[in-house]
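For reference, the chains in residue letters:
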Amino acid sequence: MAKIGYLCVGTNDFDKATAFYTALLAEIGGKPLMPTPAGLIYRLTEGAMFMVTRPHDGAPATFGNGTMVAFQVDSSEQVSALHAKALELGGTCEGQPGPRGAFGEFSYFRDLDGNKLAAFYSAR
């Protein structure tokens, strides 16, 4: 069965980005796993790995319009905690924590490079 192995977001300030993600992902049990020549891979408690990287082509990193990485967490409290941590670390709000229809609890935010992220919890 095919599954997603890892996701990448680009950065223009590697040190600030890795400080942001090291603190943010620690909120949900994530930790730095392996540096690469261009980036740093994080291991989450399960599922796909997450990588912060400098673009390989040497051009500036840009965020994708319509692109988003969503972290599935274990509780609605973690949805709120991850959102709050992102804002504390200098990220920006894209949607306050709360229910989104019958889908569960969600929050939306951007990292320091403008990459859109989400945290979600669904009891289903």
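It should be noted that the structure appears before, not after, this text.
Criteria and thresholds
- Residues numbered from 1 in each chain as written.
- Predicted model: local features only at pLDDT ≥ 70, side-chain atom pairs only at ≥ 80, totals over all residues.
- Heavy atoms only, no water.
- Pairing = 2+ DSSP bridges.
- Helix = DSSP H or I, 4+ residues; strand = E, 2+ residues; numbered from the N terminus.
- Axes fitted to C-alpha atoms, helices over the stretch in contact; angles between N-to-C directions.

Draft legend 1. Focus on the sheet that holds strand 3 (residues 39-43). Judged by pairing direction, the sheet is mixed, and its 4 strands sit side by side in the order 1-4-3-2 without closing on themselves. Each edge of the open sheet carries a strand with a single partner, namely strand 1 (6-10) and strand 2 (31-35). Averaged over all neighbouring strand pairs, the angle between strand axes comes to 30 degrees, with direction disregarded. Relative to strand 4 (residues 49-53), strand 1 runs parallel, the two sharing 5 bridges. Residue pairing in the sheet places Gly-10 in a bridge with Thr-53 of strand 4.

Draft legend 2. Fine view of the environment of Met-1. Tracing the backbone shows Met-1 in the segment before strand 1. Linking Met-1 and Ser-80, residues 79 residues apart in sequence, is a C-alpha distance of 33 Å.

By themselves, these observations are geometric and do not establish any function.
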